Amino acid sequence: MDYKRTTVTAALPYANGGVHIGHLAGVYVPADIYVRYLRLRGREVMFVCGSDEHGVPVTIRARKEGITVQEVVDRYHKLIKQSFADFGISFDIYSRTTSPTHNKFASDFFRKLYDDGVLEERTTLQYCDEVTGEFLTDRNIVGTCPK
């Protein structure tokens, strides 16, 4: 099958720090090369990415710096976006997960899966910080795995 258009995306960097050479070499440069290749072949391509402004890494950075999550994501989104431009990465759209467009698209996407019965609701036990009450990521759980 010959597709008329191609959408390419790459891992969304957390908006809690700048991009480094490992990010560039492992993710963004290869994707950018692929997009450039497709364009040279005359293909219609949309290269889309954005800053991930949700999640524990962002919250940890805000707490560490004593500022709000919004201040963290605003600073690092701008830095990351500029870094990609400085390295010549050719995103057609570089946005952020807090944008109204992203919010609506993600909500509609998961709502359809839910309405179609594809998603399963479950109640599970989660580890949480006894002091803050926040859920812990795997990297923040200390001890021996019970399994």
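For the structure itself, look to the data block above.
First, a word on what this report is: a plain description of the structure on this page. Bear in mind the structure is a predicted one, so any value in this text is a computation, not a measurement. (Residues numbered from 1 in each chain as written. Predicted model: local features only at pLDDT ≥ 70, side-chain atom pairs only at ≥ 80, totals over all residues. Heavy atoms only, no water.)

### A closer look at the pattern of salt bridges
Stage number 1. The final tally for this structure, using the stated rule, is 12 salt bridges.
Stage number 2. In this structure, Asp-116 engages Lys-112 in a salt bridge whose closest nitrogen and oxygen atoms are separated by 2.7 Å.
Stage number 3. Given a relative accessible area of 48%, Asp-116 falls into the partly exposed group. (Salt bridge = Lys/Arg side-chain N within 4 Å of Asp/Glu carboxyl O. Buried < 20%, exposed > 50% of the residue type's maximum accessible area, 1.4 Å probe, protein only.)

### Some remarks on the packing of aromatic side chains
Stage number 1. One pass over the full model with this rule turns up 8 aromatic pairs.
Stage number 2. With centroids separated by 6.5 Å and ring planes inclined at 70°, the aromatic side chains of Tyr-28 and Phe-91 adopt a geometry described as edge-to-face. Taken as a pair, Tyr-28 in helix α1 (residues 21-40) and Phe-91 in the loop between α3 (69-86) and β3 (93-96) lie far apart in primary sequence, 63 residues in all. Like Tyr-28, the residue Phe-91 is buried in the burial classification.
Stage number 3. Following the ring pairs from residue to residue traces out a cluster consisting of Tyr-28, Phe-47, Phe-84, Phe-91 and Tyr-94. (Phe/Tyr/Trp six-rings, centres within 6.5 Å; stacked < 30°, edge-to-face > 60°. Helix = DSSP H or I, 4+ residues; strand = E, 2+ residues; numbered from the N terminus.)

### Regarding the pairing of strand β1 (residues 5-9)
Stage number 1. The alternating pattern of β1 places Thr-6 and Val-8 on a buried face and Arg-5, Thr-7 and Thr-9 on a face that is not buried.
Stage number 2. In this sheet, strand β2 (residues 44-51) lies alongside β1 in parallel orientation, the contact comprising 5 bridges. Its bridge partner lying in β2, Thr-9 is registered against Val-48.
Stage number 3. Crossover handedness for the path β1 to α1 to β2: right-handed. (Pairing = 2+ DSSP bridges. Right-handed = clockwise from strand over helix to strand, strands pointing away.)

### Description of the nonpolar core
Stage number 1. Of all hydrophobic cores here, the largest spans 22 residues; its most connected members are Val-8, Tyr-28, Phe-47, Phe-84 and Phe-91.
Stage number 2. Elements with a contribution of two residues or more to this core: α1, β2, α2 (56-65) and α3.
Stage number 3. Setting aside chain neighbours within four positions, we find Phe-84 in contact with Pro-13, Val-19, Leu-24, Tyr-28, Ile-89, Phe-91 and Tyr-94. (Core = buried A, V, L, I, M, F, W, Y, C linked by side-chain atoms within 4.5 Å. Contact = heavy atoms within 4.5 Å.)

### Side note on α3
Stage number 1. The end-to-end C-alpha separation of α3 is 25 Å, in line with the 26 Å expected for 18 residues at 1.5 Å each.
Stage number 2. Among the residues making up α3, those that are buried are Val-72, Val-73, Tyr-76, His-77, Ile-80, Ser-83 and Phe-84. Viewed end-on, α3 has its buried residues packed into an arc of 135°, placing them on one side of the element. What points out from α3, more than 90 degrees from its buried face, is the exposed set Lys-78 and Asp-86.
Stage number 3. Two residues or fewer after α3 comes Gly-88, characterised by a positive phi angle close to 80°. (Expected span 1.5 Å × (residues − 1). Arc of directions from axis to C-beta.)

### Some remarks on the pairing of β2
Stage number 1. Two elements, β2 and β3, share 4 bridges in a ladder whose sense is parallel. Bridge pairing links Ser-51 to Arg-96 in β3.

### Considering the environment of Phe-135
Stage number 1. The topology assignment puts Phe-135 in the segment after α4 (100-115).
Stage number 2. Between the alpha carbons of Phe-135 and Arg-63 there is a distance of 15 Å; along the sequence they are 72 residues apart.
Stage number 3. Excluding its chain neighbours within four sequence positions, the residues that come into contact with Phe-135 are Gln-126, Tyr-127 and Cys-128.

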